[in-house]
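For reference, the chains in residue letters:
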Amino acid sequence: MNGVRGESMSECIFCKIVSGEIPSNMVYEDETVYAFYDNNPQAPVHILFIPKQHIASTSEINKENSSVVADIFEAIAVAANELNLDEGYRVVSNCGRQAQQSVPHLHFHVLAGRDMTWPPG
Ligand code: DGP
């Protein structure tokens, strides 16, 4: 199966992070979800939560694969409690070119540790 921009799963950098081929700073892992620190942090805490299964973006969520989205949000709650993100955090998923999605493997940014502004740019 190909992701957006014709990228195959074997070339996907987040699939390579899940497999360990590309090293990452792990925050959370279970059967279906992997989370690690973003290498270009936009806040004092910036974590990416991804499905281990390759899904290109929110546009590819469907009846067959959507349970992993619930798994991811349960994982976010667990990690936020463990990391004491008591002041709050923001969850963002960029989908497609205009939203500036740069990695075509579904991911949810969790940003925390500073005051946020709204609307986002
Ligand atoms: P987005 O622009 O929404 O597709 O976010 C992709 C994020 O992925 C971006 O904030 C930087 C991060 N990222 C890209 N490559 C790597 C990597 O190899 N390691 C880590 N830790 N983060 C990465």
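Residues numbered from 1 in each chain as written. Predicted model: local features only at pLDDT ≥ 70, side-chain atom pairs only at ≥ 80, totals over all residues. Heavy atoms only, no water.

**Topic: unusual backbone geometry**
Threshold: Under the scheme used here, helices are H or I runs from DSSP no shorter than 4 residues and strands are E runs no shorter than 2 residues, and both carry numbers assigned from the N terminus. For every residue, the accessible area (1.4 Å probe, protein chains only) is compared with the maximum for its type, and the residue is labelled buried under 20%, exposed over 50%, or partly exposed between those bounds.
Cis geometry is adopted by the peptide bond preceding P119, which originates at W118 and carries an omega value of 5°. The phi angle at N84 is positive, at roughly 55°, despite the residue not being glycine. For N84, the location among the structural elements is in the loop between α2 (67–82) and β4 (89–92). One non-glycine residue, Q100, lies in positive phi territory at about 65°. On the basis of relative accessible area, Q100 is assigned to the exposed category, the value being 65%.

**Things to note about a nonpolar patch on the surface**
How we decide: The patches described consist of residues with a relative accessible area above 30% and no salt bridge, like charges being joined within 9 Å and nonpolar side chains (Val, Leu, Ile, Met, Phe, Trp, Tyr) within 5 Å. Only the protein chains shown count as covering a residue, and every accessible area follows the Shrake-Rupley method with a 1.4 Å probe. Salt bridges are identified by distance alone: a Lys or Arg side-chain nitrogen within 4 Å of an Asp or Glu carboxyl oxygen.
A contiguous nonpolar patch, built from F73, Y89 and V91 and spanning about 240 Å² of accessible area, is present on the exposed surface. The topology assignment puts V91 in strand β4. What makes V91 partly exposed here is its relative accessible area of 30%.

**Comments concerning the pairing of strand β1 (residues 26–29)**
The line we're drawing: Only when DSSP finds a minimum of two bridges between them are two strands counted as paired.
As defined by bridge partners, β1 adjoins strand β2 (residues 33–37) across three bridges and the pair is classed as antiparallel. Each bridged residue has a counterpart across the sheet, and for E29 the counterpart in β2 is Y34. The turn linking β1 back onto β2 is made up of three residues.

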